[in-house]
Protein chains: 2
Amino acid sequence: MIDEKQTTIKDIADALKISPSTVSRALRNHADISDDTKKKILAKAEELDYQPNIVAKSLRNSQTFTLGIVLPSVVHHFFSTIVSGIEDVASKQKYRLVIAQSNEFFEKEVDSVEAFIGNRVDGLFISIASQTKSYKHLVKAQKSKIPIVFFDRETDEIQASKVIVDDYEGAFHATEHLITQGCKNIIHLAGPDGLHISENRSRGYLEALTKHNIQKNTIIVSDNFDKGYETIKGLLAKGEVIDGIFAVNDDTAIGAMRACKQAGKIIPTDIAIIGFGDNPVAQIVEPPLSTISQSGFEMGQAVASLFLEQIKHQKDTKNKDNVIPYQFQTKIITTKLVIRDSSNRNI
Amino acid sequence: MIDEKQTTIKDIADALKISPSTVSRALRNHADISDDTKKKILAKAEELDYQPNIVAKSLRNSQTFTLGIVLPSVVHHFFSTIVSGIEDVASKQKYRLVIAQSNEFFEKEVDSVEAFIGNRVDGLFISIASQTKSYKHLVKAQKSKIPIVFFDRETDEIQASKVIVDDYEGAFHATEHLITQGCKNIIHLAGPDGLHISENRSRGYLEALTKHNIQKNTIIVSDNFDKGYETIKGLLAKGEVIDGIFAVNDDTAIGAMRACKQAGKIIPTDIAIIGFGDNPVAQIVEPPLSTISQSGFEMGQAVASLFLEQIKHQKDTKNKDNVIPYQFQTKIITTKLVIRDSSNRNI
DNA sequence: CTGAAAGCGCTAACAC
DNA sequence: GTGTTAGCGCTTTCAG
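Position numbers for residues start from 1 in each chain and track the written sequence from start to end. Chain letters and ligand numbers both follow the written order, the letters beginning at A and the numbers at 1. In keeping with the predicted nature of the model, local features appear solely for residues at pLDDT of at least 70, side-chain atom pairs appear and are counted solely at 80 or more, and the whole-chain, interface and lining totals rest on all residues. Note that water and hydrogens are dropped before the side-chain values are worked out from all heavy atoms of the structure.

Caption draft 1: Spatial organisation of the relation of the copies chain A and chain B. Overlaying chain A with chain B gives an RMSD of 0.1 Å, the required rotation being 180 degrees about an axis along which the chain moves by 0.0 Å. Here the two chains are linked by the operation of a two-fold rotation axis. Residue contacts are counted whenever heavy atoms from the two residues lie within 4.5 Å of one another. An overlap of 100% is found between the interface residues of chain A and their copies at the interface of chain B, pointing to a shared contact surface. Our superposition of the copies is a least-squares fit, built on the C-alpha atoms of residues whose pLDDT is at least 70 in both.

Here it is in structure tokens:
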């Protein structure tokens, strides 16, 4: 069997005894091509199973229509809904998405970013790994003129647009809700140090306590199911007095919930629990978990929109004198308190 | 600000007053380059922040080192673990992954496949959408000489390697397990018609009943949390006698579980329930859900390995006479019965 | 309305 | 060891 190559524009041109440029124009619906030849070209393209070579096109146009997304992990519901949100607006502009997971490893994040630079993505959307402390890889991307948009987990060290959740406010409301339910000994199971989102949620927790004149606070870093379970199990075994738990995410809250139940505590009567994120499992567990909902979809849409806006600004100001540099935006996604049985004492 | 372009090989060559080919060779560690010039080139590349243009390289080499993955949805734990498995072996060979979600829509699947063809991916891994009945898009990919590997959801209409779960066996064991627990009225909440995996699981269910001389069988298509909930709720409301439920996946089983509990049924005493897939939520719900575990990671590894094998065969037989065509493989991933409280009557 | 020619950045013969 | 040249497939001036 002959190793037939992919059909190219030149093949179509040869078959029709016309020039490649005419074919190229016809294929992209360019004006100035007679309907007659256009029809012929389209027919021949169909006949020969022509599939435009995006790689060649990208090289020629120095635009790949590819967006690179770097995030800690796609298995997390919040992140995958963000991706859906990005896709929702980006795909309408014919952009395609390439996703790279850092799994919270700095090295993987750097590799992914560098690969994206090499592949000349048109934009880079990133939620930084908890390990990340250096930002040289992002500086490189900026040197390569790739617009960056941060989402959820960001840094001040890089000038770029960002979309963040109002973590402080969400945490404040979550904690205040527990207080209104009568809780006085509220534990906060926190996210890793150094991440803005962890810090903001912890701050919201502390300030809600302060507002309500509660002196006692306990913050323990603990951000997954197992850690939530172990931490609360340990505390309860030590005889610690706990009547409320605010966890940095739902998985952790559910781990804590299990520890409470195993220790014979009634939820929410003995201990009221609230998570963060409104993961679908929150509705499935028993009792259903109260939580702070944050729209990942909306966040994704905002990310893509900010990118599009920046691109547009670049185009508009291209080849112009006294260019006003693009003003980076920060968009804040608001949260919503979702009260379910795990914290509802009907007070 | 001057719109500086990305550094190219030519820039390095010019700066060093040598030829681009020498630079190219040095950068790729090609032999036949003196250590001295090599060192100079590497230093200059570093200095100028050189990032190789993968797009140009791909065009030139007609190899993109990109793998296209089409799957129904990444939010499903099973699929995201498959992606991790693929990444595990593919990344060691320097391949990068592009993921497209079909969301079970035929149109989106076709679009994604065509985009992958246009982007000249080196391989296409696909788990077909439940809607998919036509396979022209995959024929196109084959015409473009892109090796295809199916995983989980496949078709016989396309000649290609595939990796599947032993769904029949898993379903058989799940059903037989319910029978050994004393169940006689077992409902099967099934997947959509026309999907091999649904059919095989239903077949396993039926044959287990037959083996144990149980005449009554009930198969209802119902494959997500809400449908599982509604179906069982409806059946119970009608007074249907049910003492066992085998669901096509864990979400559905959990929906069914909720309906049972709401109807006052004790699990597993009144109704024993088993799911399929061993989704992490299976451990979180109460009672913990029995299920059939299938290793997505292993499946992903197998997918990538079969691709690599096929590529190797192509290289080995290139430019040779009387070529033996590659023999497509089918790899079967075995399942494991995981007994938890939702079905364990301690019999 | 169509064609010729150049070039995006890289690599691989083929020279020397 | 290194340079010259051509070309991957496409688009885009510039001519006509």
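Caption draft 2: Main features of the pairing of strand β4 (residues 148–151) of chain B. Residue and element names in this part refer to chain B. On β4, burial covers both faces: I148 and F150 on one face and V149 and F151 on the other are all buried. Whether two strands pair comes down to DSSP finding at least two bridges between them. The helix count covers DSSP runs of H or I at least four residues long, the strand count covers runs of E at least two residues long, and both are numbered beginning at the N terminus. Looking at chain direction, strand β3 (residues 123–126) and β4 are connected through three bridges and run parallel. Its bridge partner being in β4, F125 is matched across the sheet by V149. Bridge count between β4 and strand β5 (residues 161–165): three bridges; the pairing is parallel. Bridge assignment links F151 to a residue of β5, and that residue is V163. Type-normalised accessible area, obtained with a 1.4 Å probe on protein chains alone, sets the label of each residue: buried when under 20%, exposed when over 50%, and partly exposed for intermediate values.

Caption draft 3: Examining the interface of chain A and chain B more closely. Facing the 40 residues of chain A at the interface are 40 residues of chain B. When two parts are put together, the accessible area they lose, computed with a 1.4 Å probe and summed over both, is reported as buried area. Counting each side, the surface lost to burial between chain A and chain B is near 4,000 Å², with a carbon and sulfur contribution of 51%. We define a salt bridge as a side-chain nitrogen of Lys or Arg found within 4 Å of a carboxyl oxygen belonging to Asp or Glu. Viewed at the interface, chain B and chain A are joined by six salt bridges. Here K261 of chain B and E286 of chain A are joined by a salt bridge, their closest N and O atoms 2.4 Å apart. We call two N or O atoms a polar contact when they sit within 3.5 Å, provided that within protein one can donate a hydrogen and the other can accept it, with sequence-adjacent residues counted only if both atoms are side-chain atoms. Our enumeration of links across chain A and chain B arrives at 18 residue pairs in polar contact (both at pLDDT 80 or more). Counting residues per element, the ones that place at least two in the side of chain A that touches chain B are α4 (54–61), α5 (77–90), β2 (96–101), α6 (106–118), α7 (136–143), α11 (250–262) and α12 (281–284) of chain A. If one sorts the elements of the side of chain A that touches chain B by residue count, α4 of chain A sits on top with five residues. When residues are grouped by polarity, Ala, Val, Leu, Ile, Met, Phe, Trp, Tyr, Cys and Pro land in nonpolar, Asp, Glu, Lys and Arg in charged, and all others, Gly among them, in polar. Per-class residue counts for the side of chain A that touches chain B are 16 nonpolar, 10 polar and 14 charged.

Caption draft 4: Local environment of the protein's contact with DNA strand D. Consider each residue's heavy atoms; a residue with any of them within 4 Å of a molecule or strand counts as near. The full set close to DNA strand D counts 24 residues, and I9, Y50 and R60 of chain A together with S21 and T22 of chain B are the nearest of them. If you look at DNA strand D and keep only atoms within 4 Å of the protein, 62% of those are sugar or phosphate atoms. Within the backbone of S19 of chain B, one N or O atom sits 2.9 Å away from a phosphate oxygen of DNA strand D. Of all elements in the fold, only α2 (20–27) and α4 of chain A together with α2 (20–27) and α4 (54–61) of chain B reach the threshold of two or more residues within the surface near DNA strand D. It is α4 of chain A that contributes the most residues to the surface near DNA strand D, four residues altogether.

Caption draft 5: Geometry of α7 of chain A. Residue and element names in this part refer to chain A. Within α7 the residues assigned to the buried category are H137, L138 and A141. Seen end-on, α7 carries its buried residues on one side only, within an arc spanning 95 degrees. When the buried face of α7 is taken as reference, the exposed residues oriented beyond 90 degrees from it are K136 and K143. Packing partners of the buried residues in α7 comprise α6, β3 (123–126) and β4 (148–151). Phi turns positive, to about 65 degrees, at K145, one or two residues after α7. The arc in question is traced by the directions running from the helix axis to the C-beta atoms.

Caption draft 6: Region of interest: the packing of aromatic side chains. Residue and element names in this part refer to chain B. Note on aromatic pairs: the rings of Phe, Tyr and Trp (six-membered ring only in Trp) are paired at centre separations within 6.5 Å, and the planes decide the class, stacked below 30 degrees, edge-to-face beyond 60, tilted for the rest. Under the defined criterion, the tally for this structure stands at 14 aromatic pairs over all chains. Here the aromatic rings of Y168 and F172 are separated by 6.1 Å at their centres, their planes lie at 40 degrees, and the arrangement is tilted. Of this pair, Y168 and F172 are both found in helix α8 (residues 167–180), four residues apart, which corresponds to roughly one turn of the helix. Under the relative-accessibility criterion, Y168 is labelled partly exposed at 23%. Given a relative accessible area of 13%, F172 falls into the buried group. With centroids separated by 6.5 Å and ring planes inclined at 45 degrees, the aromatic side chains of F246 and F276 adopt a geometry described as tilted. With F246 in strand β8 (residues 244–247) and F276 in the loop between β9 (272–274) and α12 (281–284), this residue pair connects regions lying 30 residues apart in the sequence. Just as F246 is buried, F276 falls in that class too.

Caption draft 7: Looking closely at the pairing of β5 of chain B. Residue and element names in this part refer to chain B. Counting buried positions along β5 yields five of five residues, so the element is predominantly enclosed. Judged by which residues are buried, β5 turns out to be covered on both faces: S161, V163 and V165 on one side and K162 and I164 on the other are all buried. The sheet contact formed by β5 and strand β11 (residues 330–333) spans four bridges and is parallel. The partner of K162 across the bridge, within β11, is T330.

Caption draft 8: The arrangement of the protein's contact with DNA strand C in detail. In the vicinity of DNA strand C, 24 residues are found, and the nearest of them are T22 of chain A together with I9, S24, Y50 and R60 of chain B. S19 of chain A places a polar main-chain atom, nitrogen or oxygen, 3.0 Å from a phosphate oxygen of DNA strand C. Contacts to DNA strand C include S34 of chain A, whose backbone N or O atom sits 3.0 Å from a phosphate oxygen. Contributing elements (two or more residues each) for the surface near DNA strand C: α2 and α4 of chain A together with α2 and α4 of chain B. In terms of residues, the surface near DNA strand C owes the most to one element, α4 of chain B, which gives four residues.

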